[in-house]
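Notes for the structure review
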There are 2 protein chains.
Amino acid sequence: MSKSFEDLLAKVAECPIKKVAVACAQDDAVLEAVKAAKERNIADAILVGDEEKIRTIASVLKMDIKDFEIIDVKDPVEAARTAVKLVHDGKADMYMKGLIDTKSFLRSVLDKEVGLRTDKTLSHVCVFEVKGIDHLLFLSDVAFVPYPDLDTKAQIIKNTVEIAHACGIECPKVAPLAAVEVVNPKMPCTVDAEALTKMNEEGQITGCIVDGPLSLDLAIEPQAAFHKGTTDRKIVGDADVLLFPDIQAGNITYKCLVHTADCKNGNILTGTSAPVILTSRSDEFEVKVNSIALAAVVADAMNK
Amino acid sequence: MSKSFEDLLAKVAECPIKKVAVACAQDDAVLEAVKAAKERNIADAILVGDEEKIRTIASVLKMDIKDFEIIDVKDPVEAARTAVKLVHDGKADMYMKGLIDTKSFLRSVLDKEVGLRTDKTLSHVCVFEVKGIDHLLFLSDVAFVPYPDLDTKAQIIKNTVEIAHACGIECPKVAPLAAVEVVNPKMPCTVDAEALTKMNEEGQITGCIVDGPLSLDLAIEPQAAFHKGTTDRKIVGDADVLLFPDIQAGNITYKCLVHTADCKNGNILTGTSAPVILTSRSDEFEVKVNSIALAAVVADAMNK
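What you see is a predicted model; the values in this text were computed from it and never measured.

Below, the discussion takes up the packing of aromatic side chains. Residue and element names in this part refer to chain B. Per the stated rule, a full pass over the model turns up 4 aromatic pairs over all chains. Between Phe 128 and Tyr 254 the ring centres are 6.0 Å apart and the planes differ by 70 degrees, which places this aromatic pair in the edge-to-face class. Taken together, the residues span a long stretch of sequence, with Phe 128 in strand E5 (residues 123-130) and Tyr 254 in helix H10 (residues 247-260) at a distance of 126 residues. When sorted by exposure, Phe 128 lands in the same class as Tyr 254, which is buried.

Residues and elements named next belong to chain A. Looking at the element boundaries, Lys 97 is found in strand E4 (residues 94-97). Sequence separation of Lys 97 and Val 84 is 13 residues, and the distance between their C-alpha atoms is 9.9 Å. At 3.0 Å, the side chain of Lys 97 and the backbone oxygen of Ile 100 are in polar contact.

What follows is about the pattern of salt bridges. Here the structure, examined in full by the defined rule, presents 32 salt bridges over all chains. Between Asp 211 of chain A and Arg 233 of chain A there is a salt bridge; the shortest N-O distance is 2.8 Å. With Asp 211 of chain A in the loop between strand E8 (209-210) and helix H8 (216-220) and Arg 233 of chain A in the loop between helix H9 (222-227) and strand E9 (241-243), the pair connects residues that are 22 residues apart, well separated along the chain. Residue class for Asp 211 of chain A comes out buried when judged on its relative accessible area of 5%. The network of salt bridges with common partners includes Asp 217 and Lys 228 of chain A together with Lys 255 of chain B.

In this complex, chain A contributes 33 residues to the contact, which on the side of chain B involves 33 residues. Our count for the contact surface shared by chain A and chain B stands at 2 salt bridges. Every element with two or more residues in the side of chain A that touches chain B is listed here: helix H7 (188-201), H8 and helix H10 (247-260) of chain A. Partitioned by chemical class, the residues of the side of chain A that touches chain B number 19 nonpolar, 7 polar and 7 charged.

Glycine aside, residues mostly have negative phi, and peptide bonds are mostly found in the trans state. Of note, the bond from Ser 140 of chain A into Asp 141 of chain A is cis; its omega dihedral lies within 30 degrees of zero at -5 degrees. The amide bond that connects Gly 212 of chain A to the next residue, Pro 213 of chain A, takes the cis arrangement and shows omega of 0 degrees. The topology assignment puts Pro 213 of chain A in the loop between E8 and H8. Residue Cys 24 of chain A is not a glycine yet carries a positive backbone phi of 60 degrees. Tracing the backbone through its elements, the reader meets Cys 24 of chain A in the loop between strand E1 (18-23) and helix H2 (28-39). The backbone of Lys 62 of chain B sits at a positive phi, close to 50 degrees, despite the residue not being glycine.

Here helix H7 (residues 188-201) of chain B contains 14 residues, and its C-alpha end-to-end distance of 20 Å stays within 8% of the 20 Å for a straight helix at 1.5 Å per residue. Among all positions of H7 of chain B, only Cys 189, Thr 190, Asp 192, Ala 193, Leu 196, Thr 197, Met 199 and Asn 200 of chain B are buried. Each element contacted by the buried residues of H7 of chain B is listed here: H10 of chain A together with helix H6 (150-166), strand E7 (173-176), strand E8 (209-210) and strand E9 (241-243) of chain B. Trailing H7 of chain B by a residue or two, Gly 203 of chain B shows a phi angle of about 85 degrees, which is positive.

By a simple turn and slide, chain A fits onto chain B: the slide is 0.0 Å along the axis, the RMSD is 0.0 Å, and the turn is 180 degrees. The relationship between the two copies is best expressed as a two-fold rotation axis. Every residue of chain A has its C-alpha some distance from the rotation axis, and the shortest such distance is that of Ala 249 of chain A, at 1.9 Å. When the interface residues of chain A are mapped onto chain B, 100% of them again lie at the interface, so the same face is used by both copies.

When you line up the elements, Thr 230 of chain B lands in the loop between helix H9 (222-227) and E9. Contact partners of Thr 230 of chain B, with chain neighbours within four places excluded, come to Leu 218, Ala 225, Ile 235 and Val 236 of chain B.

All names here are of chain A. One way to put it is that helix H6 (residues 150-166) packs onto H7 with a least axis distance of 10 Å and a crossing angle of 55 degrees. One element, H6, and the other, H7, form an angle in the oblique class. Here the hand of the crossing between H6 and H7 comes out right-handed. On H7, the residues touching Leu 150, Lys 153, Ala 154 and Ile 157 of H6 are Cys 189, Asp 192, Ala 195, Leu 196 and Met 199. Among the residues forming the contact of H6 with H7, the class breakdown is 7 nonpolar, no polar and 2 charged.

Take the confidence of the model for chain A next. Averaged over all residues, the pLDDT of chain A is 96; the fraction at 70 or higher stands at 100%. In the model output, the complex is listed with pTM 0.96 alongside ipTM 0.95.

Reading the values: rules and limits
- Residues numbered from 1 in each chain as written.
- Chains lettered and ligands numbered in written order.
- Predicted model: local features only at pLDDT ≥ 70, side-chain atom pairs only at ≥ 80, totals over all residues.
- Heavy atoms only, no water.
- Phe/Tyr/Trp six-rings, centres within 6.5 Å; stacked < 30°, edge-to-face > 60°.
- Helix = DSSP H or I, 4+ residues; strand = E, 2+ residues; numbered from the N terminus.
- Buried < 20%, exposed > 50% of the residue type's maximum accessible area, 1.4 Å probe, protein only.
- Polar contact = N/O pair within 3.5 Å; in protein donor to acceptor, adjacent residues only side chain to side chain.
- Salt bridge = Lys/Arg side-chain N within 4 Å of Asp/Glu carboxyl O.
- Contact = heavy atoms within 4.5 Å.
- Nonpolar A, V, L, I, M, F, W, Y, C, P; charged D, E, K, R; others polar.
- Expected span 1.5 Å × (residues − 1).
- Least-squares fit on C-alpha atoms with pLDDT ≥ 70 in both.
- Axes fitted to C-alpha atoms, helices over the stretch in contact; angles between N-to-C directions.
- Parallel < 35°, antiparallel > 145°, perpendicular 65-115°, else oblique.
- Left-handed = near helix turned anticlockwise from the far one by under 90°.
- pLDDT = per-residue confidence, 0-100.

This is the structure we're talking about:
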């Protein structure tokens, strides 16, 4: 059971080495992350993109890339199709965004012929290790699904629980968050939270324990549950998965953690037939490496 | 200009001493906070409530309360009316909740005869000092207004800006937050954010600079603004006021700060004719004391 990114990396070391196909690898930050992932035995990579630019960047960065396979495709959209097809065809295990706009990249992910589309909803999972919390937190959705309805929330939970399972958390505790811990008809997300809890009790959402609505303190702080007298609930400050009511709440909280807490994080897109790494330019180097490690663990679980 | 709670306390020390009227003071946590506020010369207090219970608690806590005026009113609703009337009549400067349910307490705040009602919208302001951020952050609304519409958001900004002014921030920068920093018609809060920015430019919201929509990183982290190329905006990681799209986003972020960041905070209810302190039982002792200090600074500004 991974309780930290160190645990996650130990888990990666036990798996056969995975391969990431990079779409438009002519990006210094992505190249550095992929190189570090290779050096740390987290993952190998196939670099698809403008070979000349890739070699120029490597040369400027004094980076040795001779161990990487490079596929020269100058057009970004074509490069993405080529890279995603490698994953689709099983020649690579996960798919990563390089210097290409998000829309075009996602179009390649969803391509019916060569993409990674499944019948599941696509959602984003961000995994956090936060100082003071003794286990990993799985946040969703903080970046991809704007205003999930009940069905979509159920699907987001399923996607996120799969990622938690891959990380060795056998029965993750899922907290559908709200401002309050009781159902309030004037707050639709609390009604959804109760419905999700019921769906879990009735076996429609499995492999996890859902208990909501919960305020964030009751979800992550055992002392708060004690103070507020909610210690008889299924989640007593020990939630693994934090389900957000919408992308505004999710994204602001995510950035609050990144910019004010002592923490590490990594994130992937899920609901696809292979993990997709969609870090942004503003993500730090370690976030990109952590995301590749997370994707490798998930890819390994998917292959089993 | 207060950049920390230490600055705020220094500001309080310069003001004539203020008096807080406590509704149902028979609460150990509230009594401890009021006692500390008195000892630190932050504020004096009038304790309204069940005198016998107040004295018993003081005796158990070995707390000397002989310097406090006590008004014996056993019935909680009557005690609240008595306490709020003291503020209404100018015999006290701010109003604080003790051992009484929030609904009854708020009813006393809004009482047409003896309460503190104005024509403004009531809103909650939480002031944070966060390690790594060199100025105070004013968050609203994280606890009171569930789903503010555009008008209510404008009113919340006005209320919050008044509090920032009271703390010596002459022209606070206000960031209407969202998941993104550009207007997206599918995300109504980004449309509101742009409208608020416009209302500020056109002089409908004054005494501050409004710039939204902004994601949290661009609002509080100058480096993020640099990385994302938004350094030409009015807010470049230097927001003072964070306006949340709704109570879910606000409350979850607020609790994220409290439970994962190295921070201090205090909060008050505003839009009233005098500051109202509505801390909850789960708030730590220092939060209650900080809230009294904040209320004292605001009361002083209101009296000028």
